[in-house]
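Listed below, chain by chain, are the residues.
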Amino acid sequence: MSFRADVITLFPDLFPGPLGASVLGRGLSEGLWSLNATQLRDFAQDRHRSVDDTPAGGGAGMVLRADILAAAIDATSPEGDPRPRLLMSPRGTPLTQKMAHDLAEGPGTVIVCGRFEGVDQRVIDSRTLTEVSIGDYVLAGGEAAAMVLLEAVVRLIPGVLGSAESHADESFENGLLEYPHYTRPQSFEGVDIPEVLTSGDHARVEKWRRAESEKLTRRRRPDLLKP
Ligand code: SAH
């Protein structure tokens, strides 16, 4: 079985969006993974098809109703579905490359995209939604965040990006940021490609790249070096 992604959203037309481009899009059409966007509004009960209401206790904005969201989740991911259910949320566990690998190795995921002020806490609890954040800033909705998460995950699915080696050196894979890249022309605005990279000495190249990775990480992300 290939990786199955379900997204519950008020804006299903936004999908696949960037997930349909390039190698991810090819993987999608080749069936290496699948994506289904469910319109939350289809589960509304009244003739206005409303999905949200004012927050209990007062305050600004609107909250997605627990009953309607629960019905959408149950229809998309019936009991026994082994896929983790996620809620995109600025309060969530920060998305990491490790999390992306763990998800890519699994059967897929069901992602709820919040809107307005967020969702009723009772549906988070009763449907065991794991809250995941893509960073310490607030978006207008979970759709772009879900795309970020899926893009990070899907490119790790075997066959989507080509050879497995292409991941090994990347930023975060070995706890370091990636070294700088160069390609032709040999001289650009008077700046040459570092000599070692054109030396043909594979061991020297490896050593240089490792040193550059460490230097860059120490300077930009010392937090990654902490044990
Ligand atoms: N009132 C909420 C923010 C709501 S933003 C709070 O203060 O925590 C509306 C929706 O956008 C959220 O329900 C969530 O699904 C999505 N969202 C916003 N920022 C996000 C982030 N950093 N990571 C993941 N999802 C985010």
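Residues numbered from 1 in each chain as written. Predicted model: local features only at pLDDT ≥ 70, side-chain atom pairs only at ≥ 80, totals over all residues. Heavy atoms only, no water.

(A) The overall build of the protein, seen in detail. Looking only at helices and strands, the protein has 7 helices and 9 strands in total. Relative to the compact-globule value of 17 Å for 227 residues, the protein shows a C-alpha radius of gyration of 22 Å, a clear excess of over 25%. Here the C-alpha coordinates of the protein stretch approximately 70 × 40 × 35 Å along the principal axes. With 227 residues in all, the protein has 40% of them scored as buried. For the protein, long-range pairs separated by at least 24 residues make up 74% of all intrachain contacts whose partners lie at least 6 apart in sequence. (Helix = DSSP H or I, 4+ residues; strand = E, 2+ residues; numbered from the N terminus. Rg over C-alpha atoms; globule rule 2.2 N^0.38 Å. Buried < 20%, exposed > 50% of the residue type's maximum accessible area, 1.4 Å probe, protein only. Contact = heavy atoms within 4.5 Å.)

(B) Broad picture of the site of the ligand. The environment of the ligand is made up of 20 residues, and the closest members are Met88, Gly114, Glu117, Tyr137 and Leu139. In this structure, an oxygen atom belonging to the ligand sits 2.6 Å away from a main-chain N or O atom of Met88. At 3.2 Å from a nitrogen atom of the ligand is found a main-chain nitrogen or oxygen belonging to Ser89. Elements with a minimum of two residues in the shell around the ligand: β5 (85-94) and β7 (130-133). Top element by residues in the shell around the ligand is β5. It accounts for 4 residues. In terms of residue class, the shell around the ligand is made up of 10 nonpolar, 7 polar and 3 charged. (Near = heavy atom within 4 Å. Polar contact = N/O pair within 3.5 Å; in protein donor to acceptor, adjacent residues only side chain to side chain. Nonpolar A, V, L, I, M, F, W, Y, C, P; charged D, E, K, R; others polar.)

(C) Seen up close, the side chain of Glu212. By the secondary structure assignment, Glu212 is in helix α7 (residues 202-220). You can call Glu212 buried: its relative accessible area is 17%. Contact partners of Glu212, with chain neighbours within four places excluded, come to Tyr179 and Pro180.

(D) Molecular detail of the pairing of strand β2 (residues 33-39). Across 7 bridges, the pairing between strand β1 (residues 3-9) and β2 is parallel. Bridging from a neighbouring strand, Val7 pairs with Ala37 of β2. For the crossover that starts at β1, traverses helix α1 (residues 22-29) and ends in the parallel β2, the hand is right-handed. (Pairing = 2+ DSSP bridges. Right-handed = clockwise from strand over helix to strand, strands pointing away.)

(E) Representation of helix α5 (residues 143-154) within the structure. Given a rise of 1.5 Å per residue, 12 residues ought to cover 16 Å, and the 16 Å separating the end C-alpha atoms of α5 matches this to within 8%. Listing the buried residues of α5 in full gives Glu143, Ala145, Ala146, Met147, Leu149, Leu150, Val153 and Val154. (Expected span 1.5 Å × (residues − 1).)

(F) Seen up close, the side chain of Thr9. Position of Thr9 among the secondary structure elements: in strand β1. For Thr9, the side chain forms a polar contact with the side chain of Glu143, separated by 2.6 Å. If we skip the residues at most four places from it in the chain, Thr9 touches Phe15, Ala37, Thr38, Gln39, Leu40, Cys113 and Glu143.

(G) Region of the structure containing the domain arrangement of the protein. Each assigned domain of the protein is listed here: domain 1 (3-154) and domain 2 (169-224). The centre of domain 1, based on its C-alpha atoms, is set 37 Å off from the matching centre of domain 2. (Domains from an automatic or database assignment.)

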